[in-house]
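# Examination of the molecular architecture
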Amino acid sequence: MELKVYSDKHEVAEQFSAYLVDKLGTGKTFHVALSGGSTPKIVFDVLAENFSDKVDWSKVHFYWGDERCVPPTDDESNYKMTVGHLFSKIEVPKENIHRVLGEKDPETGAMRYANLLEINLDRVEDVPQFDLVILGMGDDGHTASIFPHQIDLWNAEDHCVVATHPESGQKRVSINGKVINSAKEVAFLVTGASKAEKVKAVVEKTEGSEVYPATLVDPKSGNLVWFLDKDAAADLNPSPS
Ligand code: 6PG
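Below, the structure is looked at part by part. Since the model is a prediction, treat every value here as computed from it, not as a measurement. (Residues numbered from 1 in each chain as written. Predicted model: local features only at pLDDT ≥ 70, side-chain atom pairs only at ≥ 80, totals over all residues. Heavy atoms only, no water.)

### What about the overall build of the chain?
Selection rule: Segments assigned H or I by DSSP are reported as helices when at least four residues long, segments assigned E as strands when at least two residues long, and all are numbered from the N terminus. The globule rule used for comparison is 2.2 Å times the number of residues to the exponent 0.38, while the radius of gyration itself is calculated over C-alpha atoms. Categorising residues by exposure relies on relative accessible area from a 1.4 Å probe, with only protein chains included: less than 20% of the type maximum marks a residue as buried, more than 50% marks it as exposed, and the intermediate range marks it as partly exposed. Values of accessible area rely on a 1.4 Å probe in the Shrake-Rupley scheme; residue burial ignores everything except the protein chains shown. In this tally, Lys and Arg are treated as positive and Asp and Glu as negative; His is ignored, and so are the chain termini. Charge positions are represented by NZ for Lys, CZ for Arg, CG for Asp and CD for Glu.
On a plain count of helices and strands, the chain comes out with seven helices and eleven strands. In terms of overall size, the chain behaves like a compact globule, its C-alpha atoms giving a radius of gyration of 17 Å where 241 residues would be expected to give roughly 18 Å. When the 241 residues of the chain are sorted by exposure, 56% land in the buried category. When the accessible surface of the chain is summed, it comes to about 10,700 Å², and 47% of that surface belongs to carbon and sulfur atoms. Once the 25 positive and 39 negative side-chain charges of the chain are each reduced to a mean point, those two points are 3 Å apart.

Put into structure tokens, the structure is as follows:
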């Protein structure tokens, strides 16, 4: 596990974007699972602003680690957010964008997406393998859309599951823990003081932290990188300077 701590979410976004672009530069096809949330939104803005003509986007295939079960035109849609902040500003072939069909009924959407991953991605021990999975972490320690109250979904047999947001009841499609931990690399993007307590619990695996799905992120590749701002890293021992 590698921790990278920066001054604020903008620096996190700039540094992560440079890190990602460096990985995309190999010229090989790259399959990445995106996350929703506020930090990825800034990353997409930075990628669009600073790197749009520095990447051969035709080699990059975009997926989502989780998606809300809403139409692609809905403001809640992670796909819609990514179109607005990234896809509308770069030359990416539309066939490289593999969205979850949020407008379908959740079970159908999840099954279809699992099949799509199984077809599009290499499989390791029968589990689809992403080159990179980008994750956020909620204040409650959820990641992707695996929430603490449904932590059993982490070990679901199906590679994509239907989750329910604990407050809103909103249905979501999420990749399961096996797919996350099969990735060649996993990058957490976590910023803001409200995350500090859970970042400490998850990173230091303090007592009782096993109830937080983010604690279960442990890629077999060993490649797990946290991109944090100072506020989110504030409770770590020793608190990174
Ligand atoms: C989503 C995300 C979700 C997000 C966390 C953190 O669809 O909402 O995938 O898991 O990463 O809720 O969100 P913030 O980065 O906005 O705090």
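### Concerning unusual backbone geometry
Positive phi values are uncommon outside glycine, yet Glu125 reaches one of about 50°. Within the fold, Glu125 resides in the loop between strand 5 (123-124) and strand 6 (127-128). For Glu125, a relative accessible area of 67% puts it in the exposed group. Unusually for a residue other than glycine, Lys205 sits at a positive phi of about 45°. Along the chain, Lys205 falls in the loop between helix 6 (196-203) and strand 11 (224-229). Owing to a relative accessible area of 47%, Lys205 belongs among the partly exposed residues under this scheme.

### A short note on the site of the ligand
The condition that has to hold: The cutoff for a nearby residue is simple: one of its non-hydrogen atoms must lie within 4 Å of the molecule or strand. Think of a polar contact as two N or O atoms within 3.5 Å of one another; within protein, one of them needs to be a possible hydrogen donor and the other a possible acceptor, and neighboring residues in sequence only count if both atoms come from side chains. In this classification, Asp, Glu, Lys and Arg are treated as charged, Ala, Val, Leu, Ile, Met, Phe, Trp, Tyr, Cys and Pro as nonpolar, and every other residue, Gly included, as polar.
If you check the shell around the ligand, you find 15 residues, and the closest are Ser38, Asp66, Arg68, Ala144 and Lys195. Ala144 places a polar main-chain atom, nitrogen or oxygen, 2.7 Å from an oxygen atom of the ligand. When the ligand sits alone it has 420 Å² of accessible area, and the protein chains cover 86% of it. For the shell around the ligand, the elements supplying multiple residues, two or more each, are helix 2 (38-50) and strand 4 (66-68). Of the residues contributing to the shell around the ligand, the split by class is two nonpolar, nine polar and four charged.

### Topic: the sheet that holds strand 4
The line we're drawing: Two strands pair if DSSP finds at least two bridges between them. In this analysis an axis means a line fitted to C-alpha atoms, helices contributing only their contacting stretch, and an angle means the value between N-to-C directions, from 0 to 180 degrees. Here, residues are in contact when the closest pair of their heavy atoms is within 4.5 Å.
One open sheet holds the three strands; their spatial order is 4-9-8, and the pairing between them is antiparallel. A single partner strand is all that each edge strand has here, and the edge strands are strand 4 and strand 8 (160-164). Taking each pair of neighbouring strands and ignoring which way they run, the sheet shows an average axis angle of 25°. Against the sheet, helix 4 (residues 106-120) touches strand 8 and strand 9 (171-175), its axis set at about 145° to strand 8.

### So, the pairing of strand 10 (residues 186-190)
Worth spelling out the cut-off: Looking down the strands as they point away from the viewer, one classifies a crossover as right-handed if the path from the first strand across the helix to the second runs clockwise.
Most of strand 10 is tucked away: five of the five residues are buried. In strand 10, alternate side chains face the same way, and those of Val186, Phe188 and Val190 on one face and Ala187 and Leu189 on the other are all buried. Of the strand pairs in this sheet, strand 10 and strand 11 are connected by five bridges, and their pairing is parallel. Looking across to strand 11, one finds that Leu189 is bridged to Phe227. Tracing the backbone out of strand 10, into helix 6 and back to the parallel element strand 11 gives a crossover that is right-handed.

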